[in-house]
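# What the coordinates show
Below, each chain spelled out in residue letters.
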Amino acid sequence: MGFILQNIEIEVVKGDIADQPDVEAVVNAANAELAPGGGVAGAIHKAAGPALYKECRSLAPIKPGQAVITKAYKLPNNYVIHCLGPVYGKDQPESEFLASCYRNSIQLAEGKKIATIAFPAISTGIFGYPTDLAVEVVFNTLLATLSEIENIKKIKFVLFSEEDLQLYQTKLKKISIG
Ligand code: ADP
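Keep in mind that what you see is a predicted model, and the values were worked out from it rather than measured. (Residues numbered from 1 in each chain as written. Predicted model: local features only at pLDDT ≥ 70, side-chain atom pairs only at ≥ 80, totals over all residues. Heavy atoms only, no water.)

## Re the pattern of salt bridges
Applying the stated criterion to the full structure yields 6 salt bridges. With a shortest N-O distance of 3.6 Å, Glu 162 and Lys 14 are connected by a salt bridge. Of this pair, Glu 162 sits in helix H5 (residues 162–177) while Lys 14 sits in strand S2 (residues 8–14), and the two are 148 residues apart along the sequence. Look at Lys 14 and you get partly exposed, because its relative accessible area is 47%. Of the charged contacts, one joins Glu 136 and Lys 171 as a salt bridge, the two residues approaching to 2.8 Å between their closest N and O atoms. Residue Glu 136 is located in helix H4 (residues 131–145), and its partner Lys 171 is located in helix H5; the two are separated by 35 residues in the primary sequence. According to the relative accessible area criterion, Glu 136 is partly exposed, its value standing at 31%. Looking at Lys 171, the relative accessible area reads 13%, which means it is buried. A single network of salt bridges, built from pairs that share partners, joins Glu 11, Asp 22, Lys 154 and Lys 156. (Salt bridge = Lys/Arg side-chain N within 4 Å of Asp/Glu carboxyl O. Helix = DSSP H or I, 4+ residues; strand = E, 2+ residues; numbered from the N terminus. Buried < 20%, exposed > 50% of the residue type's maximum accessible area, 1.4 Å probe, protein only.)

## Focus: the sheet that holds strand S3 (residues 25–30)
Read from one edge of the open sheet, 7 strands run S1-S2-S7-S6-S3-S5-S4, paired in mixed fashion. Strand pairing shows two members of the sheet lacking a second neighbour, strand S1 (2–5) and strand S4 (67–71), which therefore form its edges. This sheet shows a mean twist of 25° between the axes of neighbouring strands, independent of strand direction. As paired strands, strand S6 (residues 116–119) and strand S7 (residues 154–159) are joined by 4 bridges and run parallel to one another. Note on S7: the bridge partner recorded for Thr 116 is Lys 154. Along the sheet face, helix H2 (residues 50–57) touches S4 and strand S5 (79–84) and points at about 135° away from the line of S4. The strands touched by H4 within the sheet are S1, S2 and S7, with S7 carrying the most contacts at an inclination of about 175°. (Pairing = 2+ DSSP bridges. Axes fitted to C-alpha atoms, helices over the stretch in contact; angles between N-to-C directions. Contact = heavy atoms within 4.5 Å.)

And the structure:
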């Protein structure tokens, strides 16, 4: 499902964040040490190869809400933006940390003149953030950031489950209706 928001194409798909060859940058739902681990980080490091973790080690640790950018190595992209989402129930206020993740990732992408970027549903896996609450933060942050976007032309949200896909599609429909 797609939608144009102030000249930016917003796309919502089901898939694997480590297999998105049509975008320049993918976002990693990282851990503080920027280490491989499970979920999104596991998939990204596995596909990128060990050189990614080598570069990551020089940038770690990062704090909740923070984002850093690296090369993408064997991934079919140019960059990986790693951000640490909040652990739900621990890093409070969670919504502010989660908003920072998306805002900081967009700012890093803008700084590199990246035109296309894909995000997973940060914090909604091991970190326990309910996706129905996270999706509100994601789109509110995006709407609040639109005026700062000059270079990004496409933002893709890559969801892992049918249920999460539907939550994103429902939210996107609401925005498109206005
Ligand atoms: P966090 O630690 O930030 O919660 P996770 O990687 O555990 O990050 O999960 C974040 C979200 O990404 C969850 O909704 C999970 O189902 C989903 N996910 C897991 N693996 C992938 C993948 N390869 N591609 C896209 N999304 C994924």
